[in-house]
Amino acid sequence: GENVEQHPSTLSVQEGDSAVIKCTYSDSASNYFPWYKQELGKGPQLIIDIRSNVGEKKDQRIAVTLNKTAKHFSLHITETQPEDSAVYFCAASKGFNKFYFGSGTKLNVKP
Amino acid sequence: EPEVTQTPSHQVTQMGQEVILRCVPISNHLYFYWYRQILGQKVEFLVSFYNNEISEKSEIFDDQFSVERPDGSNFTLKIRSTKLEDSAMYFCASRGQGANSPLHFGNGTRLTVT
């Protein structure tokens, strides 16, 4: 089955700096890659997603890049703010049935 | 904005007891899921449900687990005889029919088996 690896497990940045979280996947048939943000006591919330026919997608301060050949995808957050502090999960799936999640990155944005 | 709601937020049960975790998916969604997250580990797929039947399940989802959509709004996960290792955060999720429809998660039920 699919295996998704996520790095780093923790990331601490100064407010205003950029943050990058990286994931790799093993199944070349995976074609959908969402990113979720999980705040304390809440369920994961979708923040951005990308499909395998696209190399990059941007939504304001958040962007995701996908390299299908290398089987890795990354989340980029620019101009980080304290409210960006949360646990971020990447995921991969073939279609929309079974999602395979990374182990999560705890992002701490210091004011 | 519509959301997936889960109850209870925390459930404590004794080993061997049955538990039912409840979820109300978003009303016009057709695909329903249960995931779990053991403390400090990855979010893991348990089961997906569509058109009143299981469409896929993981190896975790053994005979001790079952799901049901007893009416038009609720989606439940039953664990027949809980084990210590069932202690985890259980997330319900749902999505609409479109290919671009994202997965919406509830806030989870923390199950503690003692």
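Everything here concerns the structure above.
A. Inspection of the sheet that holds strand β6 (residues 56-59) of chain A at higher detail. All names here are of chain A. As summarised here, the arrangement of the five strands in space is β1-β3-β8-β7-β6, forming an open sheet in which the pairing is antiparallel. Looking at strand neighbours, the two that pair on one side only are β1 (4-7) and β6, the edges of this open sheet. When strand polarity is set aside, the average angle formed by the axes of neighbouring strands in this sheet is 15°.

B. Fine view of the pairing of strand β4 (residues 32-38) of chain A. Residue and element names in this part refer to chain A. Among the seven residues that make up β4, seven are buried, leaving the element largely enclosed by the rest of the structure. Residues Y32, P34, Y36 and Q38 point to one face of β4 and F33, W35 and K37 to the other, with burial holding for every one of them. Here β4 runs beside strand β5 (residues 45-51); their pairing, made up of six bridges, is antiparallel. Across the sheet, the residue bridging to Y36 is L46, located in β5. As consecutive antiparallel partners, β4 and β5 are separated by six residues, and within that stretch G41 has a phi angle of approximately 80°, a positive value. Two strands pair when backbone bridges link them, and β4 and strand β9 (residues 86-93) are joined in this way by five bridges, in the antiparallel orientation. Pairing of Y36 across the sheet is with F89, part of β9.

C. Layout of the packing of aromatic side chains. Applying the stated criterion to the full structure yields 19 aromatic pairs over all chains. When the ring of Y32 of chain A is compared with that of F99 of chain A, the centres are 5.8 Å apart and the planes differ by 90°; the resulting orientation is edge-to-face. Of this pair, Y32 of chain A sits in strand β4 while F99 of chain A is found in strand β10 (residues 99-101), placing the two residues 67 residues apart along the sequence. Just as Y32 of chain A is buried, F99 of chain A falls in that class too. Taking 6.0 Å as the distance between ring centres and 75° as the angle between the ring planes, the aromatic pair formed by F101 of chain A and F105 of chain B counts as edge-to-face.

Calculation notes
- Here the residue numbers are simple positions, counted from 1 along each chain's written sequence.
- Throughout, the order in which chains and ligands are written sets their labels, letters from A for the former and numbers from 1 for the latter.
- The predicted nature of this model means local features are confined to residues of pLDDT at least 70 and side-chain atom pairs, given and counted, to a pLDDT of 80 or more, with totals for whole chains, interfaces and linings taken over all residues.
- The side-chain quantities take in all heavy atoms of the structure and omit both hydrogens and water.
- If DSSP finds at least two bridges between two strands, the strands pair.
- A helix here means a DSSP run of H or I that spans at least four residues, while a strand means a run of E at least two residues long, and both kinds are numbered starting from the N terminus.
- Interaxial angles span 0 to 180 degrees and are taken between N-to-C directions of axes, which are lines fitted to C-alpha atoms, for helices over the stretch in contact.
- Each residue's exposure class comes from its accessible area (1.4 Å probe, protein chains only) as a fraction of the maximum for that residue type: buried when under 20%, exposed when over 50%, partly exposed otherwise.
- Pairing of aromatic rings covers Phe, Tyr and Trp, the last through its six-membered ring, and needs centres within 6.5 Å; plane angles under 30 degrees mean stacked, over 60 mean edge-to-face, and all others mean tilted.

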